[in-house]
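A structural walkthrough
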Amino acid sequence: DQQVKQNSPSLSVQEGRISILNCDYTNSMFDYFLWYKKYPAEGPTFLISISSIKDKNEDGRFTVFLNKSAKHLSLHIVPSQPGDSAVYFCAASGWNAGKSTFGDGTTLTVKP
Amino acid sequence: DTAVSQTPKYLVTQMGNDKSIKCEQNLGHDTMYWYKQDSKKFLKIMFSYNNKELIINETVPNRFSPKSPDKAHLNLHINSLELGDSAVYFCASSQGAGADQPQHFGDGTRLSIL
């Protein structure tokens, strides 16, 4: 039972344009969501998060949007840079769950 | 100075052997985790420890035994290795077990079973 899905395995965008990565979840008990970025041969690193009481959180070039009714979140990167090329994982958690459930990742390629 | 370090980075061994992977964090975090990333790239949690106490134990074969000698270390011992154990294993830590605590990951241990 895959509770967190990233339906696009890959995404390619031009440098300077917007990258939009999507994530859907099925468990209505999830109330905290995080995005991680992973380079090859390295572990994931935390990027940005959002609580279910909000619908938007912004940090520099990165913005996460949450649509609870649709059980959907997205990560926007503007402007995209070649260094953003990586695998992006979304993760979801119930508040006291003590663990995060991860999606299977979207590989973003930003072309110069 | 590496925050979460795992050793070894690569581990190649034969079926039936017993092996250990070590993990140390120097962030002063209370909570540590082991994840398995299989060929489909899913990161699946295996275990979580908070202040040396086991708080999460997902459906993992008994051949896998975590040990936390102190808050800064969480080691993973695997008995009687099987072909299906081939994967990348990630250790992680966080300040607490709350959902709002981002996890800091090590660089992974790539385990290959011959």
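The structure contained in this document is the topic of the report that follows.

Observations regarding the overall build of chain A
Scanning chain A from terminus to terminus reveals zero helices and 11 strands. On C-alpha atoms alone, chain A measures out to a radius of gyration of 13 Å, which is about the 13 Å that the 2.2 N^0.38 rule sets for 112 residues. With the principal axes as the frame, chain A shows a C-alpha extent of 40 × 30 × 20 Å. Among the 112 residues that make up chain A, the fraction classed as buried is 45%. For chain A, restricting intrachain contacts to residue pairs at least 6 apart in sequence, the fraction spanning at least 24 positions comes to 54%. Summed over its atoms, the accessible surface of chain A is roughly 5400 Å², and 49% of this surface lies on carbon and sulfur atoms. Averaged over its 11 positive side-chain charges, chain A has a centre that lies 2 Å from the centre of its 10 negative ones.

Points about the interface of chain B and chain A
Across the contact, 22 residues belong to chain B and 21 residues belong to chain A. Note on chain B versus chain A: buried area summed over both sides is about 1700 Å², and carbon and sulfur give 62% of it. Sorting the residues of chain B by area buried against chain A places Phe42(B), Leu43(B) and Ala99(B) first, and these three jointly supply 32% of that buried surface. Applying the counting criterion to the chain B and chain A interface returns one salt bridge. The shortest N-O distance in the salt bridge between Lys99(A) and Glu58(B) comes to 3.0 Å.

Cut-offs used in this document
- Residues numbered from 1 in each chain as written.
- Chains lettered and ligands numbered in written order.
- Predicted model: local features only at pLDDT ≥ 70, side-chain atom pairs only at ≥ 80, totals over all residues.
- Heavy atoms only, no water.
- Helix = DSSP H or I, 4+ residues; strand = E, 2+ residues; numbered from the N terminus.
- Rg over C-alpha atoms; globule rule 2.2 N^0.38 Å.
- Buried < 20%, exposed > 50% of the residue type's maximum accessible area, 1.4 Å probe, protein only.
- Contact = heavy atoms within 4.5 Å.
- Areas by Shrake-Rupley, 256 points an atom, 1.4 Å probe, with all protein chains shown as cover.
- Lys, Arg positive; Asp, Glu negative; His and termini not counted.
- Charge placed at Lys NZ, Arg CZ, Asp CG, Glu CD.
- Buried area = accessible area lost by both parts, 1.4 Å probe.
- Salt bridge = Lys/Arg side-chain N within 4 Å of Asp/Glu carboxyl O.

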